[in-house]
Amino acid sequence: MENRRTTLLALAAVILTLAALWYIHRPAMVPETTLVEVEAEAARGGYRLITTEALAELYRQQGGTVLLVDTRQDWEYRSGHIEGAVNFPLEPTAWSRWRSEGRLAALLGPDRDRLVVFY
């Protein structure tokens, strides 16, 4: 009877472990974000969206006063970025944004009137 109980307990532990591993590594489908959703999020956060053409014109006019921040991962930044942009990878989670808050403040610096463009 004791062997049977031990075997069932071991089997339950294996099943729970396999289920946990599957859950952690399951494929995650990220839904496509629409322009309407992006515009709504920008409005909620107090951000202004600009087109690529408007950014290019702004960069030609203001040059070094514009801080361009590439928020992609390091390897994406290394594969190509806008000249003069700095890399600051941002994960799309509240935890990640909270963890990088101090580094972001240091990157932005004391000039609160400086134009900052995240892409």
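Note that the structure is a prediction, hence the values are computed from the model and not measured. (Residues numbered from 1 in each chain as written. Predicted model: local features only at pLDDT ≥ 70, side-chain atom pairs only at ≥ 80, totals over all residues. Heavy atoms only, no water.)

Enquirer: Give a description of the sheet that holds strand β2 (residues 86-87) that names residues and reports values.
Expert: The strand order across the open sheet formed by 3 strands is β2-β1-β3, and the pairing between neighbours is parallel. Because the sheet does not close on itself, it has two edges, and the strands there are β2 and β3 (115-118). Of the pairings in the sheet, the one linking strand β1 (residues 66-70) to β3 comprises 4 bridges and is parallel in character. The residue of β3 that forms the bridge with V69 is F118. Each of β1 and β3 touches helix α3 (residues 52-62); the most contacted strand, β1, lies at about 135 degrees to it. (Pairing = 2+ DSSP bridges. Helix = DSSP H or I, 4+ residues; strand = E, 2+ residues; numbered from the N terminus. Contact = heavy atoms within 4.5 Å. Axes fitted to C-alpha atoms, helices over the stretch in contact; angles between N-to-C directions.)

Enquirer: Please give an account of the pattern of salt bridges that cites residues and values.
Expert: One pass over the structure, following the stated rule, counts 3 salt bridges. Of the charged contacts, one joins E41 and R44 as a salt bridge, the two residues approaching to 2.6 Å between their closest N and O atoms. Highlighted residues: E41 and R44, both in helix α2 (residues 35-45), separated by 3 residues, approximately one helical turn. Residue E41 is classed as partly exposed on the basis of its relative accessible area, which comes to 47%. Among the residues examined, R44 registers a relative accessible area of 62% and is labelled exposed. Ionic pairing is found between R60 and E57, a salt bridge with its closest N-O pair at 3.2 Å. Residue R60 and its partner E57 are located together in helix α3, separated by 3 residues, close to a single helical turn. Assessed through its relative accessible area of 61%, R60 is described here as exposed. (Salt bridge = Lys/Arg side-chain N within 4 Å of Asp/Glu carboxyl O. Buried < 20%, exposed > 50% of the residue type's maximum accessible area, 1.4 Å probe, protein only.)

Enquirer: Go over the pairing of β1, please, and point to the residues and values.
Expert: Within β1, 5 of the 5 residues are buried, which leaves it mostly tucked inside the rest of the structure. Residues V66, L68 and D70 of β1 are buried on one face, and the alternating residues L67 and V69, pointing to the opposite face, are buried as well. Alignment of β1 against β2, held across 2 bridges, turns out to be parallel. In the strand pairing of β2, D70 is matched with N87.

Enquirer: I'd like to hear about the nonpolar core, residue by residue, with values.
Expert: Grouped together as the largest cluster of nonpolar side chains are 5 residues: L55, V66, L68, A85 and V117. Aside from chain neighbours lying at most four places away, what touches V117 is L55, V66, L67, L68 and V69. (Core = buried A, V, L, I, M, F, W, Y, C linked by side-chain atoms within 4.5 Å.)

Enquirer: Before we move on, could you go through the environment of L58 and cite the residues and values that matter?
Expert: Mapping L58 onto the fold places it in helix α3. By relative accessible area, which is 18% here, L58 ends up buried. The residues contacting L58, other than those within four sequence positions of it, are G63, V66 and L115.

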